[in-house]
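A look at the structure
Chain residues, written in single-letter form:
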Amino acid sequence: MSALPSRQRTSGIHAAGRTFAALLLLMASPMPWARGQDKPAGHPKIMFRDVLSEAGITYHNVSGGTGNDKAWLTATIGCGVAWIDYDLDGDMDLYLINGSTHDRQPGKGEPNLLYRNDGDGRFTDVTAQAGVGDRSWGFGVAVGDVDNDGDPDLYITNLEANVLFRNNGDGTFSDITASAGVAGTGWGSSSAFFDMDGDGDLDLYVGNYIDFSTLSVPRKGTPEADKPYCQFMGIPSVCGPRGLTPAQDILYRNNGDGTFTDVTREAGVFLEIPRYALGVVATDLDMDGDMDIYVANDSVSNSLWKNNGDGTFTDTGMISMTALSADGKPQAGMGTDAADFDGDGWIDLVVTNFSHDLNTIYKSVEGRFFLDQSSVIGMGPTAMSLSWGVSFQDFDRDGDLDLFIANGHTYPWVDESGMGTSFRQRDHLFINQGGRFKLFSPPVDDGLAQVNSSRGAAFADFDNDGDVDIVVTTMDDSAVLLRNDSTLPGHWLMVQLTGTVSNRDAVGARVILSAGGSSQLRERKGGGSFVSSSDPRLYFGLGDAVQVDKLEIFWPSGQKQVIHDVPVDQILKVTEPRDNPAAPSP
């Protein structure tokens, strides 16, 4: 994350370019509420409480040393976290990735931790009996049922070889990395399970960052580090990523027999010059029935791999206008997410970026191209933050998607730099108000008021009370478990999908909910946020609606399922029919 002039674009002609493009779109496309849909009555009172200690979670992050001891880029990226119902008891358990230091031998880092949700607000450490305490220098995690046997498996990206743990269905996991052929190469960052070819099993895209070695990368503060790419705005810093060799992303095709094949070249996603991948989300942006891949890259252009429907992909980042900001410059992408935040029926994108720049929201124009709206819909407060984990979620149950962003600088020494930013920062919650975002100002006793150097973020209703909770990992510190204790007058529905003809996780399914005269779109996407994995259940806030009039499910197999008159305030489990039904009941 070297300092680049393109990271300082929040004023002058560059911001004006963003603003002009976004204003044109806003004038042409009024938001749903401008078309006569009413916002729900009542006044939600937002409140999140950090309940990590009372939940019994004792995780502490280790990332290559603390403070000014951070000598290489590896010590600045941090770790991810995953929600996973590993024991299929109906509540989300928690898997926390941890790191290491360069004075430890490979495989001697801090163990990853699995906490079982006991269903009463408490969690129990079951790492040892589950067999998932990998001690590599970990960064990211993805969750998916790779063998379609009904329970979720774990894929961990590391500085060393990656790891695939198969869920045995009895509370334990087996390391099948070698037999599956997914150990990978390079420094793994975010990854995503998705069905690239529609054959009913989950394939795997692995984002890789840098081909890293302490033998070839100068240590911060040494004479060898007296290079432009080892400085941040003129201050000596860790080296990279510019000036270091980027690692090639890998696409694995699931063979359906417990093994995977590297199809990176065959599928067309091989790059002669790779792009420092950090964030990955798999989503059907053009709604043509197959899943595309969006990759947030650090310091270079982002990638949008359009699925051609024949097992190959084409990079359409430039022509779709998702590779660069509105002023035509590469940013320093960290995390990403995809959702229909403005309710127009098309999936939009968000990318979190380095400090001294805005986070970017790309508004979809019918899936053909995207416009950077960041300046005019509320991303101004993100200019000095360095952002990572991110997700569109309806935190206040009013029927539209809000936005959470985890913040924290990479470099502890910025606290003495006078640059207007800091190592520890407050995370951001933006409330959706008619398709524009307003930054929530938390009271001092709110969990959102604390300052940390946050990294991974994952989202789930871990207590099954009908609102979205958040877990955030922080650098060199404990995690943050933000339970949503808001006073919310609205109703809700969660939809848990199970594929039969489609992949069992139903990744790629779209659900359109109609209630109270308005409709909402959710997609069962793959990946998203930053090096983390969230609740697979699809959450809808319903506002004043007391019944869901219609639920339309578009399965990856091509089947359409319609359910009428669904009661609210429940977790609805839906299994894909093996034959196309006319109109099944709940």
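The rules we used
Residues numbered from 1 in each chain as written. Predicted model: local features only at pLDDT ≥ 70, side-chain atom pairs only at ≥ 80, totals over all residues. Heavy atoms only, no water. Helix = DSSP H or I, 4+ residues; strand = E, 2+ residues; numbered from the N terminus. Rg over C-alpha atoms; globule rule 2.2 N^0.38 Å. Buried < 20%, exposed > 50% of the residue type's maximum accessible area, 1.4 Å probe, protein only. Contact = heavy atoms within 4.5 Å. Pairing = 2+ DSSP bridges. Axes fitted to C-alpha atoms, helices over the stretch in contact; angles between N-to-C directions. Domains from an automatic or database assignment. Buried area = accessible area lost by both parts, 1.4 Å probe. Salt bridge = Lys/Arg side-chain N within 4 Å of Asp/Glu carboxyl O. Polar contact = N/O pair within 3.5 Å; in protein donor to acceptor, adjacent residues only side chain to side chain. Disulfide = S-S within 2.5 Å. Core = buried A, V, L, I, M, F, W, Y, C linked by side-chain atoms within 4.5 Å.

A few words on the overall build of the chain. Along the backbone of the chain there are five helices and 40 strands. Relative to a compact globule of 586 residues, whose C-alpha radius of gyration would be 25 Å, the chain shows 22 Å and is just as compact. A principal-axis box enclosing the C-alpha atoms of the chain has dimensions of 70 × 55 × 50 Å. Every one of the 586 residues in the chain was classed for burial, and the buried ones make up 61%. In the chain, the share of contacts with a sequence separation of at least 24, taken over all contacts with a separation of at least 6, comes to 62%.

Strands sit in the order β2-β3-β4-β5 across an open sheet of four strands; the sheet is antiparallel. In this open sheet, the two strands that pair with only one neighbour each are β2 (81–84) and β5 (123–125). Between one strand axis and the next, the sheet turns by 25° as a mean value, whatever way the strands run.

On to the domain arrangement of the chain. Quoted interface sizes are often the accessible area lost when the parts come together. Considered domain by domain, the chain is made up of domain 1 (52–484) and domain 2 (493–575). A separation of 23 Å is found between the C-alpha centroids of domain 1 and domain 2. Of the residues lining the interface, 64 residues belong to domain 1; the matching set on domain 2 comes to 32 residues. Buried area between domain 1 and domain 2, both sides added, is near 3200 Å², and the carbon and sulfur share of it is 53%. Seen at the junction of domain 1 and domain 2, the total is one salt bridge. Close ionic contact of Lys-525 with Asp-337 constitutes a salt bridge, the shortest N to O distance being 2.7 Å. There are 25 residue pairs in polar contact (both at pLDDT 80 or more) connecting domain 1 and domain 2.

By definition, a disulfide links two cysteine residues through a covalent bond between their sulfur atoms. Scanning the entire structure with this criterion turns up one disulfide. The disulfide partner of Cys-230 is Cys-239, and the S-S distance across this bridge is 2.0 Å. Taking the torsion about the S-S bond as the criterion, the Cys-230 to Cys-239 disulfide, at about 105°, is right-handed. Across the pair, Cys-239 and Cys-230 agree in class, each one buried.

Right, let's talk about the pairing of strand β3 (residues 93–96) for a bit. Residues Asp-93 and Tyr-95 of β3 are buried on one face, and the alternating residues Leu-94 and Leu-96, pointing to the opposite face, are buried as well. Direction of pairing for β2 relative to β3: antiparallel, over a ladder of four bridges. Note that in β3 the partner of Val-81 across the bridge is Leu-96. The sheet contact formed by β3 and strand β4 (residues 113–117) spans three bridges and is antiparallel. When the bridges of β4 are listed, Leu-96 appears paired with Leu-113.

Across all of its chains, the model carries 19 salt bridges by this definition. Residue Asp-477 is joined to Arg-424 by a salt bridge in which the shortest nitrogen-to-oxygen separation is 3.6 Å. Taken together, the residues span a long stretch of sequence, with Asp-477 in the loop between β31 (469–474) and β32 (480–484) and Arg-424 in the loop between β25 (402–407) and β26 (425–426) at a distance of 53 residues. For Arg-424, a relative accessible area of 37% puts it in the partly exposed group. The network of salt bridges with common partners includes Arg-49, Glu-54, Arg-483 and Asp-485.

Counting residues in each nonpolar core, the largest one holds 36 residues, and the members touching the most others are Ile-57, Trp-83, Tyr-95, Leu-154 and Leu-481. For this core, the secondary-structure elements that each account for two or more residues are α2 (52–55), β2, β3, β4, β6 (138–144), β7 (153–158), β8 (163–167) and β30 (454–460). Ranked by residue count, the leading element in this core is β2, at four residues.

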